[in-house]
Amino acid sequence: MTEAPPTSGRLVLRGNPALRRAVGLVLLAVVVSVTCVFLGRWQWHRHVDRDAAIRLVEQNYSAGPAPLDALLPATGATLDPDDVWRQATVTGTYDEDATVLLRNRPVDSQPGFHVLVPLVLDEGAGFDAGTVLVVDRGWVAWDADASSEVSVPAPPSGEVEVTVHLRPDEPASARSAPAGQVQAIHVDQVLVAGDVDAPSFGGYGAAVAESPAAATALGGLPMPSTDPGSHLSYAFQWWTFAVGSLAAFGWMARRELLEGGAEPAGPGSPEPASAPSRRRRTSDEDTEDALIDAQLG
């Protein structure tokens, strides 16, 4: 049984290396271009998310404060994403003995610790008795080589009215920390580190003001960044690369076809005439031998 002849497409590709290279370049162009398009979309979505976060800061950060129970209505409540950075006021008493330090959170490149203190809310605030709000009161600097003990100023004693920016609970950290310290502002981890067993919220407060004020103030918490970053620029760069790769590899494929010559002749076509051999160039040694032969003759 005779085998079926190969298809014409396979025959052309098998007999024409230039065409094979051109097809390979076109396929490579498609792969590179599609990859660049998806990378551009990824950067675009990051830009959209960052832009939404900036608008939220601009809308909420300087807005007037509201009572805490208007934003966190009950014990265990989770902060609404639309209320992040909203200011809230609450009255209570700081539990100084439960102070916890947040590690690895420098401010303006200065090593230091954030000071986290549970605020025991007044019973008349409408929450369960003993409910606490974790408050990031500010930060204390550490020395340059991070080797000395840190002295933490005491919070105001007695009843205090605190204004805070509300922040969502951070993801729990799996990293260990020394006693009385945490690696993230995860409310449950902060309360465990402070040896506090009390109901709280799915969020914490970053201190803005305290009345009465503490005898020794902590370093103020910085305003959140509103820098949009370079995501939009990166997105357009990736999309430019996508178009450029198609153009560049397409031009290379075209050059392969033009410089690779015509397709091979089909069966039965006469063999192409062999190119005439080049004449051998006479060397100096040949000329010298010819002169000697002439003299001897």
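What counts and what doesn't
- Residues numbered from 1 in each chain as written.
- Predicted model: local features only at pLDDT ≥ 70, side-chain atom pairs only at ≥ 80, totals over all residues.
- Heavy atoms only, no water.
- Helix = DSSP H or I, 4+ residues; strand = E, 2+ residues; numbered from the N terminus.
- Buried < 20%, exposed > 50% of the residue type's maximum accessible area, 1.4 Å probe, protein only.
- Contact = heavy atoms within 4.5 Å.
- Areas by Shrake-Rupley, 256 points an atom, 1.4 Å probe, with all protein chains shown as cover.
- Salt bridge = Lys/Arg side-chain N within 4 Å of Asp/Glu carboxyl O.
- Patch = residues over 30% accessible without salt bridge, like charges linked within 9 Å, V, L, I, M, F, W, Y side chains within 5 Å.
- Axes fitted to C-alpha atoms, helices over the stretch in contact; angles between N-to-C directions.
- Parallel < 35°, antiparallel > 145°, perpendicular 65-115°, else oblique.
- Nonpolar A, V, L, I, M, F, W, Y, C, P; charged D, E, K, R; others polar.

Concerning the overall build of the protein
When its secondary structure is counted, the protein shows 6 helices and 8 strands. Each helix and strand of the protein, placed in order from N terminus to C terminus, yields the pattern α-α-β-α-β-β-β-β-β-β-α-β-α-α. In the protein, buried positions account for 33% of the 297 residues. The long-range fraction of contacts in the protein, counting pairs at least 24 apart against all pairs at least 6 apart in sequence, stands at 73%. Accessible surface, the protein: about 18700 Å² in total, of which carbon and sulfur atoms supply 55%.

Topic: the pattern of salt bridges
If the charged atoms of two oppositely charged side chains come close together, the side chains can form a pair. Scanning the entire structure with this criterion turns up 5 salt bridges. For the salt bridge of arginine 55 with aspartate 51, the shortest nitrogen-to-oxygen distance reads 2.4 Å. Placement of both arginine 55 and aspartate 51 in helix 2 (residues 17–60) is noted, with a separation of 4 residues, approximately one turn of the helix. The closest approach of N and O atoms between arginine 86 and aspartate 83, which form a salt bridge, is 3.6 Å.

Things to note about a nonpolar patch on the surface
Together, Val26, Val30, Val34, Phe38 and Leu246 make up an exposed nonpolar region whose accessible area comes to about 440 Å². If you tally residues by element for the nonpolar patch, the top one is helix 2, at 4 residues. Its place among the elements puts valine 26 in helix 2.

Considering the packing of helix 2 against helix 5 (residues 231–259)
Contact pair helix 2 / helix 5: the axes reach a minimum separation of 7 Å and the direction vectors enclose 175°. Considered as vectors, helix 2 and helix 5 are oriented roughly antiparallel to each other. Split into classes, the residues belonging to the contact of helix 2 with helix 5 amount to 25 nonpolar, 6 polar and 5 charged.

Functional significance is not addressed by these values, which are geometric in nature.
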